[in-house]
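One letter stands for each residue in the lines below.
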Amino acid sequence: MPAALSALSFDALLDADLEQVYQRGKDEMLRGRAFRILLDYAATPEMLARIVFQGDAGLARWTTHELFEISNRFRLMSAPELEIRLYRESEDQDFRNAPRVREFYMLALNKRGRPAEAIREASRILAEGGQNVLVWGALAQAYTACLMQAEGVLEQLCAPKPADIDPDIFAAHFPDERLADLTEASVEALRAQSMDAAMRVFRDGFRATGEPYPGLGWMQRNIDRLGAFARAGDRAGVVAVQQELDCLTRLLRLSLDAQGGRDSRDYWTQAGLLQLEVVQHGDPFAYAATLASTMACADADFKLKNTATELTRICEGYAAAAHAVGHDRSNEPDYASIVKRATHAIEVLLQRAPVPAIARSDNAAGHFLQRTFNFGALVGNMVPLTITGTIGRVGARVPDLQINRRVQRDLDDLIEHMVLPGLSEAERGSPRAVARKILHLVGTTLNIAALQDLQSPAHAAFDIRSDGLIALSGVDYDLRKDTRTGTDLTAAMLLQNCDCRETMYLNGALFARWQQRAVRQRIADALECMEAGLHAGFEQIVENDIPALMRYQLRGGQVDVYVESIGMLSKYKHRRVSHDDATALERRYGLEQWRAAMALTRYELENAILEVRYDDGSLRTLQPVNPASGAWRPHPNAEGVPLLDAAERVTELRLLNLVEAHALTFLYDTQQQSAELFDGFYNAQLFDNCPYRFEAGGLDLNTLMREPRLLRAGDRSVLASDGTARRSPVYLRFLSYSQADYAIGLVEGDQPGTLQLMGRTFGANFWHEQRRLLDGTSPVPALLEKIHSWQLGRDVAQRDRRVTLDRRLARLMLDIAKAHPDQVMMRESAANAPLIHEGQPNLHVYLVLSGRLVISRKGATLHDEQSRPVQALAGNIVGQISALGGAVATATVSGDAVLLGIAGSAIRAHFANENELPQLMEELSAYHFATLQANA
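Bear in mind that the values here come from a model prediction, so they are computed numbers and not experimental data.

Draft legend 1. Structural detail: the overall build of the protein chain. When its secondary structure is counted, the protein chain shows 35 helices and 28 strands. Dimensions of the protein chain, computed from the C-alpha atoms along their principal axes, are close to 90 × 85 × 55 Å. Within the span of the protein chain, comprising 936 residues, buried residues form 56% of the whole. Counted over contacts in the protein chain with a minimum sequence separation of 6, partners at least 24 positions apart contribute 73%. Total accessible area on the protein chain stands at roughly 39300 Å², and carbon and sulfur atoms take up 50% of it. With 101 positive and 119 negative side-chain charges, the protein chain shows a spacing of 2 Å between the two charge centroids.

Written out as structure tokens, the structure reads:
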């Protein structure tokens, strides 16, 4: 398969033919879809290995992105040997040099029991400046593996009947040692050296990063020391280590909370919390809840086994301490209870035993937290995350957003160079002051002021540019579903084509990243105090400084916005004073209008909330859903007039119209368990003509406990029929999918010097491009205008029936391939070896993924009605006449291309259940027959 083309820069895009860029993006998109169908079919490591390594071309067939995804599949399949083979046999230097690929190669070496090789690789990365938490952790884990090997060998040497030591395994841990020279003393020395090295690297890694991974390793090795002192009868040693563990576990709790804590869906964060719940002998409910969430986040068996191994070491250390200390010392931790919890957790992890469901919070703050998300869980991740949009799910415009190491670094640069400058020293440590500066930075950079009116020309232009950016990556409307559209979160800052969703994520991500950086610096300070014996300084940081930094969370939520008495034409489109005046017109509908049999509009019947008050003071809210099933339905009505129960007792009626869906941020006070509006999009302090005041105001969270779970959020101006302005109450209701929908996204591997946009890779350095935007030398503004004009032209061109036919057929072909992966093949065609021979049988229908095919008959190239050679490009179908009709091929098809071949029998099987497919195939065949006739 052809190698991937080099990533285009923004400067190159400005000078490029956008139609050619679109075609290139379409090649990549279709190939990616077909590639993932093949990978999904490989249910076992062996099946995947056959797909990946077989064939004369071997690994050279795969692009860099595909190698990233193959490596990740092997990892999630717990196949480290295949990860290692892939890395070593690949000649793709972009793949081999990607930092995350090298780190996962290190981890695979550890998993395969080859720690000496992992130590060499980690040492090289550290020497090159790769100070990443994964490197620190993997290096320390390699030394830990050597420690365990030394302990095993020592046990064998001391046994009454010494067992043979496997020379290969020993050499993989200690390549410079000779088995013949081993003594108990030399092995004990190796054990001590490995313990010291593991402790040193874990400690240095925790101090350098403040992240839980090395900190947890440091805790675990300290527990090893605790057990060793206990077994040696060293009471003073046990006390000293326990004191260090007490301090360390407190710091680890703060570090894990900064990464999202219990809100995180990252397995390693939950596993770290589980270990703390085991050793800190705390609340049984918290232990059970954390064990349940750890199991829920487990997506690979090796993760469970890894955690079980660490808990086993914890169990052994505390078991020794329990035996030495006894049960009658009230001032000592209850070591026996720790052992009991660790044993239980190990059993659950290894047997995947069922964990009782944990009751959801029944208080107002708990309901709020369950309907919003913690940005710390998104930006504190060790592996890239993809926040799922709607393009790949339902074909709408919203792309997937990626938060990876590049994005984390971009966020850090923004904090360092654009958030903190201009703030006083006191403000730099104030969550509120920093959050306000972030809202201003993001809002002004993205020109949010132009988008306050959803019916404005600026918003219409935004929609056109959005469609243009999607199309530029080869994602046609008919092919949006199931397409990956990963876009780096910080790309929004460069492209300046963002709505409330991107604004919310940028605001929250920047705040959480600032918070994490500040907390990790304080952790480093606390470690210095701990090691220097400065207990007062340590307590000040842990009990006061860090809690003050973490008191507030900027949380995200997605809501429907309801306004009382506002006239609506459709969602996002209100009745307004005039084209130039966006003031909403009042929609009076109360008890008087209902009694006069005034009908609601269809939109109101299907979307509005009706609030009905009765003569006994009771209040009832009517929603357009079936109260029994919860399914959507219009309000029961008679010719548009709502039907109300006990109508004679109704004393008041209010109409709350649905205006729009919105994504916004809230400021949550963890101490007071209260929340307030803190939006960066609808913010009257930042932008003129703002329809709402979502930038400030406390929220009554208790209303979340009662239907319809509406949060009062200020007022909106409406113009009454008598010409007077009135303030109509505004309400927010959390959408069912308000929580961030994210998953691990390792596909692109964090390639340095690139940017992901709509699933394609472009050459760009964020901070360099950001500086060019600031000094007015960036090509991005002109590029966006060029994309706008190009998309307007495409809107006309795409109405061509032939273009629409190909797109719809391509979508159906991919759907069939996904349903029948066993009857799918991915193959290459070369110009000197025709794909289909005229006059010979052909059993497959082919979808062109990339490249170019030419069609000929009797040795002559066919031409269309404009006398152009008939070609098949990405997204076109060939071979359907012969494969579906059971006849020989009517023409020869040749050229350099990559194709997805589907057996004609699989396609015919879909004819009975798919009305659209046979009709489209017949129409395409008619077009091809007409071309043959014209060239006869």
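Read on, since the account is not over.
Draft legend 2. Molecular detail of the sheet that holds strand 18 (residues 742–744). Reading across the sheet, the 4 strands line up as 5-4-3-18 and stay open at both edges, with mixed pairing between neighbours. Both edges of this open sheet fall to strand 5 (487–488) and strand 18, since each of them pairs with a single strand only. Two elements, strand 3 (residues 385–387) and strand 18, share 3 bridges in a ladder whose sense is antiparallel. Along strand 18, the bridge assignment pairs Leu385 with Ile744.

Draft legend 3. Up close: unusual backbone geometry. With an omega of 5°, the peptide bond running from Glu707 to Pro708 counts as cis. Mapped onto the elements of the fold, Pro708 is located in the loop between strand 15 (674–677) and strand 16 (711–719). Here the phi dihedral of Ser565 falls at roughly 55°; this positive angle occurs in a residue that is not glycine. Summarising the element assignment, Ser565 is placed in the loop between strand 6 (552–564) and strand 7 (568–570). Classification of Ser565 by relative accessible area gives buried; the value is 7%. Here the phi dihedral of Ala597 falls at roughly 60°; this positive angle occurs in a residue that is not glycine.

Draft legend 4. Representation of the state of the cysteines within the structure. Within this structure, the stated rule accounts for 0 disulfides. A disulfide-free cysteine, Cys158 has its sulfur positioned 19 Å from the sulfur of Cys146, the nearest such atom. Left unpaired, Cys498 is separated from the closest cysteine sulfur, that of Cys500, by 11 Å. The exposure class assigned to Cys498 is buried, which follows from its relative accessible area of 2%.

Draft legend 5. Seen up close, the nonpolar core. Core analysis: the largest hydrophobic core is formed by 265 residues, its most contacted members being Met219, Tyr318, Tyr505, Phe694 and Leu732. Top element by residues in this core is helix 26 (residues 500–532). It accounts for 16 residues. In this structure, Tyr318 is in contact with Ile223, Leu226, Gln242, Leu245, Val279, Tyr335, Ile338 and Val339, ignoring residues within four places of it in sequence. The next biggest cluster of nonpolar side chains, apart from the first, holds 16 residues, and it includes Ile836, Ile855, Ala889 and Leu899.

Draft legend 6. Structural detail: the packing of helix 23 (residues 431–445) against helix 26. For the pair helix 23 and helix 26, interaxial distance at closest approach is 10 Å and the crossing angle is 145°. With respect to the hand of their crossing, helix 23 and helix 26 are arranged in right-handed fashion. Along the contact surface, helix 23 presents Pro431, Val434, Ala435, Ile438, Leu439 and Val442, while helix 26 presents Thr503, Leu506, Asn507, Leu510, Phe511 and Trp514. Tallied by class, residues from the contact of helix 23 with helix 26 come to 10 nonpolar, 2 polar and no charged.

Draft legend 7. Expanded view of the environment of Pro384. Of note, Pro384 is situated in the loop between helix 19 (376–379) and strand 3. On the basis of relative accessible area, Pro384 is assigned to the buried category, the value being 1%. Once the C-alpha coordinates of Pro384 and Gly443 are considered, the two residues, 59 residues apart in sequence, prove to be 26 Å apart.

Draft legend 8. View of the pattern of salt bridges. Under the criterion given, the structure shown has 62 salt bridges. Here Glu151 ties to Arg313 by a salt bridge, and the two come within 2.8 Å at their closest N and O atoms. In this pair, Glu151 is assigned in helix 9 (residues 133–158) and Arg313 in helix 16 (residues 301–325), connecting sequence segments 162 residues apart. In this structure Glu151 comes out as partly exposed when scored by relative accessible area, which is 22%. Relative accessible area serves as the criterion here: at 11%, Arg313 is assigned to the buried category. A salt bridge links Arg726 to Glu586; the shortest N-O distance between them is 3.2 Å.

Draft legend 9. The arrangement of helix 4 (residues 64–76) in detail. Given a rise of 1.5 Å per residue, 13 residues ought to cover 18 Å, and the 19 Å separating the end C-alpha atoms of helix 4 matches this to within 8%. The buried count for helix 4 comes to 11 of 13 residues, which makes it a mostly enclosed element. Of the residues making up helix 4, those classed as buried are Thr64, Glu66, Leu67, Phe68, Glu69, Ile70, Ser71, Asn72, Arg73, Phe74 and Arg75. Looking one or two residues beyond helix 4, the residue adopting positive phi is Ser78, at roughly 55°.

Draft legend 10. The arrangement of helix 13 (residues 235–258) in detail. Taking 1.5 Å per residue, 24 residues should reach 34 Å; helix 13 reaches 35 Å between its end C-alpha atoms and fits that length. Directly beyond the C-terminal end of helix 13, a positive phi value near 110° is found at Gly260.

Each value, and the rule that gives it
Residues numbered from 1 in each chain as written. Predicted model: local features only at pLDDT ≥ 70, side-chain atom pairs only at ≥ 80, totals over all residues. Heavy atoms only, no water. Helix = DSSP H or I, 4+ residues; strand = E, 2+ residues; numbered from the N terminus. Buried < 20%, exposed > 50% of the residue type's maximum accessible area, 1.4 Å probe, protein only. Contact = heavy atoms within 4.5 Å. Areas by Shrake-Rupley, 256 points an atom, 1.4 Å probe, with all protein chains shown as cover. Lys, Arg positive; Asp, Glu negative; His and termini not counted. Charge placed at Lys NZ, Arg CZ, Asp CG, Glu CD. Pairing = 2+ DSSP bridges. Disulfide = S-S within 2.5 Å. Core = buried A, V, L, I, M, F, W, Y, C linked by side-chain atoms within 4.5 Å. Axes fitted to C-alpha atoms, helices over the stretch in contact; angles between N-to-C directions. Left-handed = near helix turned anticlockwise from the far one by under 90°. Nonpolar A, V, L, I, M, F, W, Y, C, P; charged D, E, K, R; others polar. Salt bridge = Lys/Arg side-chain N within 4 Å of Asp/Glu carboxyl O. Expected span 1.5 Å × (residues − 1).

By themselves, these are just geometric observations and shouldn't be taken as functional.
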